[in-house]
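Spelled out from the first residue to the last, the chains are:
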Amino acid sequence: MKLEDKNIKLVSNKKTRVILPNILTLIGVCIGLTSIKFAFDGKFELSIIAVIVAAIIDGLDGRIARLIKGTSKVGKELDSLTDVISFGVAPAFIMYFWKLNTFGRFGWLLCLVYVICVALRLARFNISSNQEPSWRDNFFEGVPSPAGGILVLTPLIFSLTSFDFININYNIVVPVFFIATSLLLISKFPSYSFKKIVIQRKATIFLLFGIVLFVGLLLIYPFNVISISVIIYLVMLPISFFHYQKLKKQNEDQNFKDDEKNSLLKSKVIKGDFLDKF
């Protein structure tokens, strides 16, 4: 007696496409949580690297999900929850173990405020992400949570560099960075999203060279390169603000012209209908 062959599929193709990005997201949150363990053990260099790796994974999982058509509501909510842990809770604990514990209750208050601001920023992002595509997609409202997590770690990162030409009072700088980053997270300050960057084919070779050079320098001088990258990002914030205002004005002028044309056409149609009756 022969048994009939049956095609048994443990996981359908659609479910596989959904599971893969979520696995990547969970790997990112595990790395983010591990950064807290590194900081608790006093291995702050490894904790910073773990947070940055988590940020890289966070930037990849969503793009991979859209590329393989594996987006889902579960993945979206899971990504937000992991962002709160990896870029809210983890950086707050790292900085608390490094410096904020010396501030007593005020240091813990800064941690609480920062984590709450990360959660509020992600909640707002989930609501605004359901809107129709527009030129505003090139900008975030406020600083994204991965960037915020790295910004609050900036004093610690700078302390691990070989930049000895500046004497920094970390008792002042650390609270300032926490407060400023928290405000940037919940504000409507426009910052570049880098989602719709168009690269010409002629510039591809230069882009690849730049990426290789950046990665090479990052491996040799990790904390120096990260510090310089943070400074460049901070310089780009006012640039993104003025660029946003310029685009906003251009689109408002264009919408005003379109409304004038529509109203003129409508008045002509109404006038023509009126004359036809007589």
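Quick notes on the rules
- Residues numbered from 1 in each chain as written.
- Predicted model: local features only at pLDDT ≥ 70, side-chain atom pairs only at ≥ 80, totals over all residues.
- Heavy atoms only, no water.
- 1 Å grid on protein atoms, 1.4 Å probe; cavity = no way out; pocket = protein on both sides within 12 Å on 5 of 7 lines; lining within 4 Å.
- Points joined across faces, edges and corners; volume = space filled by probe spheres on them.
- Nonpolar A, V, L, I, M, F, W, Y, C, P; charged D, E, K, R; others polar.
- Helix = DSSP H or I, 4+ residues; strand = E, 2+ residues; numbered from the N terminus.

## Quick look at the layout of surface pockets
Next, step 1: In this structure, the second largest pocket encloses a volume near 150 Å³.
Next, step 2: Every residue lining the second largest pocket is listed: Thr154, Pro155, Phe158, Ile168, Tyr170, Val173, Phe177, Ser227, Val230, Ile231 and Leu234.
Next, step 3: Residue classes in the lining of the second largest pocket are distributed as nine nonpolar, two polar and no charged.

## A few points about empty space enclosed by the protein
Next, step 1: Summed over the entire model, instances satisfying the criterion amount to two cavities of 30 Å³ or more.
Next, step 2: Within this model, the largest cavity holds a volume of roughly 60 Å³.
Next, step 3: For the largest cavity, the full set of lining residues is Thr25, Gly28, Val29, Ala54, Ile57, Asp58, Asp61, Asp79, Thr82, Asp83, Ser86 and Phe87.
Next, step 4: Elements represented by at least two residues in the lining of the largest cavity include exactly helix H1 (13–40), helix H2 (44–67) and helix H3 (73–98).
Next, step 5: Looking at the lining of the largest cavity element by element, the count peaks at five residues for H3.
Next, step 6: Class assignment for the residues of the lining of the largest cavity results in four nonpolar, four polar and four charged.
Next, step 7: Roughly 30 Å³ of internal volume is contained in the second largest cavity.

Take it as geometry only, folks, not as evidence of what the structure does.
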